[in-house]
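# Summary of the model geometry
Next come the chains, spelled out residue by residue.
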Amino acid sequence: MYSHTKVAMKTELQSLLLLAVISLLFSSLDAQTYPGRWKLLKKSIGISAMHMQLLPNDKIITFDRTNFGPSNLSLPQAKCTAEFQNTDCFVHSVEFDPFNRNIRPLTVLTDTWCSSGGLSEDGVLVQSGGYRLGERVVRTLEPCDNCDWKEDPKGLLSPRWYASNQILPDGKFIVVGGRYQFNYEFIPKMSSSDQELYKLPFLKETRYSPLIPNNLYPFLHLSPDGNLFIFANDRAILLDYVHNKVVRDYPVMPGNISRNYPSTGSSVLLPVILDRNYSIIPDAEVLICGGTLPDSNQKADSGIYVEATKTCGRLVITSENPSWEMEEMPLSRIMGDMIMLPTGEVLIINGAAKGSAGWNSAREPVLNPVLYRPKNSNTSSRFEIMSASPIPRLYHSAAHLLSDGRVLVGGSNPNRNYNFTAIYPTELSLEAFYPPYISSDIPRPNITAIKPAVDLVYKQKFTMEFQLKNQENPANIFVAMVSPSFTTHSFAMNQRLLVLALEGDGAQNGGGDNYVVTVNAPATAAIAPPGYYQFFVVHEGVPSRGTWAHIK
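These notes cover the structure that comes with them. (Residues numbered from 1 in each chain as written. Predicted model: local features only at pLDDT ≥ 70, side-chain atom pairs only at ≥ 80, totals over all residues. Heavy atoms only, no water.)

Before going further, it helps to spend a moment on the state of the cysteines. Under the counting rule described, the total for this entry stands at two disulfides. Through a disulfide, Cys-144 is tied to Cys-147; the S-S separation comes to 1.7 Å. Disulfide Cys-144-Cys-147: torsion about the S-S bond near 110°, hence right-handed. Exposure remark for Cys-144: the relative accessible area of 28% places this residue in the partly exposed category. Between Cys-289 and Cys-312 runs a disulfide, and the two sulfur atoms are separated by 2.1 Å. Negative torsions about the S-S bond denote left-handed disulfides, and the value of about 115° found for Cys-289 with Cys-312 makes this one right-handed. Placement of Cys-289 in strand S20 (residues 285-289) and of Cys-312 in strand S21 (residues 311-316) is noted, with a sequence separation of 23 residues between them. Here Cys-289 and Cys-312 have matching classes, each one buried. (Disulfide = S-S within 2.5 Å. Buried < 20%, exposed > 50% of the residue type's maximum accessible area, 1.4 Å probe, protein only. Helix = DSSP H or I, 4+ residues; strand = E, 2+ residues; numbered from the N terminus.)

In structure tokens form, the structure reads like this:
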């Protein structure tokens, strides 16, 4: 019996290795066929980039979990983790500079595994929850050269493992769900109402099984009316979190596909287009792509890897009679990250074609990103396959938009600990995907000033000056305002892109290659929560580098 099992395991491993080699060979040919390109930025940052957040100083903060075992960076002896002092004295969080590729080790002492976060209105990373001794912790990290993590072990009322965060119009965060947590709360704790837990039966009702918390990391999007859109598995509600009241139930998403962890799909709020008339609340449309059957995780545990779905659904959440518009991606995908580009397009990247999220639970890495163009009226022309990465990015991978328009990609640890010999090994590398607009022949704008200042207020009119070479009367100009997201487990929390209203006929010539547009800032904090945003000028589908500005 023993020898038979051993032979079977060896045969399976050989098959998996062969599949991996074929995938890599295919990807090298693939890279010559499709648009976009890849570049390895750092072979190792010492840790696996499970969580990512871009700060207003253009540094990326990334971390994995404190009980993964030995990383490639050591902590000083006096700073061993609180939970595993005898076994883990290693770095599990770093700051990465995507421009000079330097890394700075950071010290996080409580376990951040499967936690959540976001950027506060002051530009501070507020990060919450995790595993074991980290499950009630709120951590903060300021954007400065020598800052390090600060940890409040009693920052949360309830343990939050696999919860989701969303910044609100008042600058606080709502923290929703988590493993067996059918409720929500607010951080930081600044008033008596913040000291309460608020029940949310919807999270319990949408589980695949009473024994399985199969809607972890619910998708959250702040609606322009100030309410919160919450999606779990195949259903959604609009929550008035101020009064703890569900104000709308949305239609069930067709297809009997689960979209939340571990049947992991992804979700974005599509570009919110603003009008000069401040009295009109703009429409808001959510896009959800990928996922798999509800029992895929259980089947993966038995060695059966169910094919992921190709389906996506769009829902105008502000419509009087909303209904799902369904369409298909060219590739099946679970664990795909959906990243909003400054152009308003969506990049669907990372993931696998079979299985589910979880330890060693996926097969057939999807190496090709897909670009989605939401404005195309013809659904068959909305998707375009991009060039392939040579590196599989599965469970615990992440992606993030950078200010220069590239997409940073890292992580992938589908193993219980750091494992560099597994069929899909732990990945410590970071690479960048260059969307097609970076190599476009169309001139790229260069922002030179925001006046009167980069500190904006709601309903303010301001001017944005930029250079655009060899263009006369440039057309198809718009200004995008993008919030930096906290990305983990295929969901970019707080991701938001606004297309701002322009005054007059668009770009006015300021002499030579210099142009200026007059822009209307968003009207309310429900449309654009207070904080730091990247501003881009987009010309003929080619964005400038982003410039940071603040609104409150």
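All right, on to the packing of aromatic side chains then. Applying the stated rule across the entire model yields 24 aromatic pairs. Ring centres of Trp-113 and Tyr-131 lie 4.9 Å apart, and the angle between their planes is 85°; this geometry places the pair in the edge-to-face category. You can see Trp-113 sitting in the loop between strand S5 (103-106) and strand S6 (116-119) and its partner Tyr-131 sitting in the loop between strand S7 (125-128) and strand S8 (138-141), a full 18 residues away along the chain. You'll find Trp-113 and Tyr-131 in the same group, each marked buried. Among the aromatic residues, those joined into a cluster by ring pairs are Trp-113, Tyr-131, Trp-161, Tyr-162, Tyr-217, Tyr-261, Trp-359 and Tyr-395. Note that Arg-37 overlies the ring of Tyr-434, its terminal NZ or CZ placed 3.9 Å from the centroid. Sitting above the plane of the Trp-113 ring, Arg-65 keeps its charged end 3.6 Å from the centroid. (Phe/Tyr/Trp six-rings, centres within 6.5 Å; stacked < 30°, edge-to-face > 60°. Lys NZ or Arg CZ within 6 Å of the ring centre and 35° of its normal.)

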